[in-house]
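Close look at the chain arrangement
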Amino acid sequence: MAATVATTVTPTEPDPDRCGSEEESRGAEAEEDSTQQQTGPAAAAVSHGRLSKLPLARIKALMKTDPDVTLASQESVFIIAKATELFVEMIAKDSLVYAQQGKRKTLQRKDLDNAIEAIDEFAFLEGTLD
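None of the values given here were measured: they were computed from a predicted structure.

Rules used throughout
Residues numbered from 1 in each chain as written. Predicted model: local features only at pLDDT ≥ 70, side-chain atom pairs only at ≥ 80, totals over all residues. Heavy atoms only, no water. Helix = DSSP H or I, 4+ residues; strand = E, 2+ residues; numbered from the N terminus. Buried < 20%, exposed > 50% of the residue type's maximum accessible area, 1.4 Å probe, protein only. Contact = heavy atoms within 4.5 Å. Salt bridge = Lys/Arg side-chain N within 4 Å of Asp/Glu carboxyl O.

Examining the side chain of glutamate 85
By secondary structure assignment, the location of glutamate 85 is in helix H4 (residues 74-101). Judged by its relative accessible area of 12%, glutamate 85 is buried. With residues up to four places along the chain from it excluded, the contact list for glutamate 85 reads Leu51, Ser52, Lys53 and Leu54.

Section: the pattern of salt bridges
Per the stated rule, a full pass over the model turns up four salt bridges. Between glutamate 89 and lysine 93 there is a salt bridge, with its nearest N and O atoms 3.0 Å apart. In this pair, glutamate 89 and lysine 93 are both assigned in helix H4, four residues apart and thus about one turn of the helix distant. Assessed through its relative accessible area of 36%, glutamate 89 is described here as partly exposed.

From the geometry alone we can't say anything about function, so treat these as descriptive.
Here it is in structure tokens:
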């Protein structure tokens, strides 16, 4: 009997049939090179910016609207941003279940209301959409 061996092949050069321009691939390579060269606190701040989908400067400004907050470190701003992203993702996924039950792809306010009412973790949001 013949045995088959499966191996994965990783291309070393960008595939020309693939979507995306050469500028995008060069930009990605440049980002990798600059990330490898940077070290220290400045590199940590830059890497936090890439890991967050929300604008960190805006989050820091929102944090400073609280009179009790005078200084906010980059790490604390990043953690707040990441927690916010995860929260929004979780409530959106739970609301999507209700939209799919209604045979829709678009989330509506009633889907959020249903998710808030049905899931105990969102109990603190009850009445906020009124």
